[in-house]
Amino acid sequence: MSKEIKEEMIDRIQAFFIKERGEEIGNLAAEQVLDFITEEMASYFYNEGIEDSISALQLRMENLEEDLYTLKHPLYK
């Protein structure tokens, strides 16, 4: 991730801790939280995104198949 995005995420983690827990954490602590989430949990979210993509693609393929059948010409008139 870019430096700018990482800094934004760190800022959001710090804001979360203040809002939800009433705790102020520094940049290092917020970066450690981000690193933990990235290393330990990112694969779960990535895999969920893949599953969502597969479902969306399957739905689009079903619709495409239906559309193609409507384009068929009758064999006999």
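Above this text is the structure in question.
Below you will find a few notes about this structure. Note that this is a predicted model, so its numbers are computed, not measured. (Residues numbered from 1 in each chain as written. Predicted model: local features only at pLDDT ≥ 70, side-chain atom pairs only at ≥ 80, totals over all residues. Heavy atoms only, no water.)

### Describing helix 1 (residues 3-21)
Two residues of an α-helix separated by three or four positions point the same way, owing to the 3.6 residues in each turn.
Right, so step 1: Between its first and last C-alpha, helix 1 extends 26 Å over 19 residues, near the 27 Å set by a 1.5 Å rise per residue.
Right, so step 2: Listed as buried for helix 1 are Ile10, Ile13, Gln14 and Phe17. The arc that holds the buried residues of helix 1, viewed along the axis, is 95 degrees, so those residues lie on one side. Among the exposed residues of helix 1, those oriented more than 90 degrees off its buried face are Glu4, Arg12 and Lys19.
Right, so step 3: Summarising the contacts, the buried residues of helix 1 are in contact with helix 2 (27-40). (Helix = DSSP H or I, 4+ residues; strand = E, 2+ residues; numbered from the N terminus. Expected span 1.5 Å × (residues − 1). Buried < 20%, exposed > 50% of the residue type's maximum accessible area, 1.4 Å probe, protein only. Arc of directions from axis to C-beta. Contact = heavy atoms within 4.5 Å.)

### Quick notes on the packing of aromatic side chains
Right, so step 1: The tally for this structure, following the rule as stated, stands at 2 aromatic pairs.
Right, so step 2: Ring geometry for Phe16 versus Phe17: centroids 5.9 Å apart, planes at 85 degrees, classification edge-to-face.
Right, so step 3: Overall, the relative accessible area of 15% leaves Phe17 in the buried class.
Right, so step 4: Ring centres of Tyr44 and Phe45 lie 5.3 Å apart, and the angle between their planes is 75 degrees; on these two criteria the pair is classed as edge-to-face. Of the two residues examined, Tyr44 and Phe45, each falls in the exposed class. (Phe/Tyr/Trp six-rings, centres within 6.5 Å; stacked < 30°, edge-to-face > 60°.)

### Looking at the side chain of Gln14
Right, so step 1: Its place among the elements puts Gln14 in helix 1.
Right, so step 2: The class for Gln14 is buried, based on a relative accessible area of 14%.
Right, so step 3: A polar atom in the side chain of Gln14 sits 3.4 Å from the backbone oxygen of Gly26. (Polar contact = N/O pair within 3.5 Å; in protein donor to acceptor, adjacent residues only side chain to side chain.)

### Description of the nonpolar core
Right, so step 1: Counting residues in each nonpolar core, the largest one holds 6 residues, listed as Ile10, Ile13, Phe17, Ile25, Ala30 and Leu34.
Right, so step 2: If you list the elements that add at least two residues to this core, you get helix 1 and helix 2.
Right, so step 3: Top element by residues in this core is helix 1. It accounts for 3 residues.
Right, so step 4: Those residues in contact with Leu34 that lie beyond four places of it in its chain are Met1, Lys6, Met9, Ile10 and Ile13. (Core = buried A, V, L, I, M, F, W, Y, C linked by side-chain atoms within 4.5 Å.)

### Here's the deal with a nonpolar patch on the surface
Right, so step 1: On the surface, Phe36, Ile37, Met41, Tyr44 and Phe45 cluster together into a nonpolar patch covering about 520 Å² of accessible area.
Right, so step 2: Only helix 2 and helix 3 (42-70) provide two or more residues apiece to the nonpolar patch.
Right, so step 3: Positionally, Phe36 belongs in helix 2. (Patch = residues over 30% accessible without salt bridge, like charges linked within 9 Å, V, L, I, M, F, W, Y side chains within 5 Å. Areas by Shrake-Rupley, 256 points an atom, 1.4 Å probe, with all protein chains shown as cover. Salt bridge = Lys/Arg side-chain N within 4 Å of Asp/Glu carboxyl O.)

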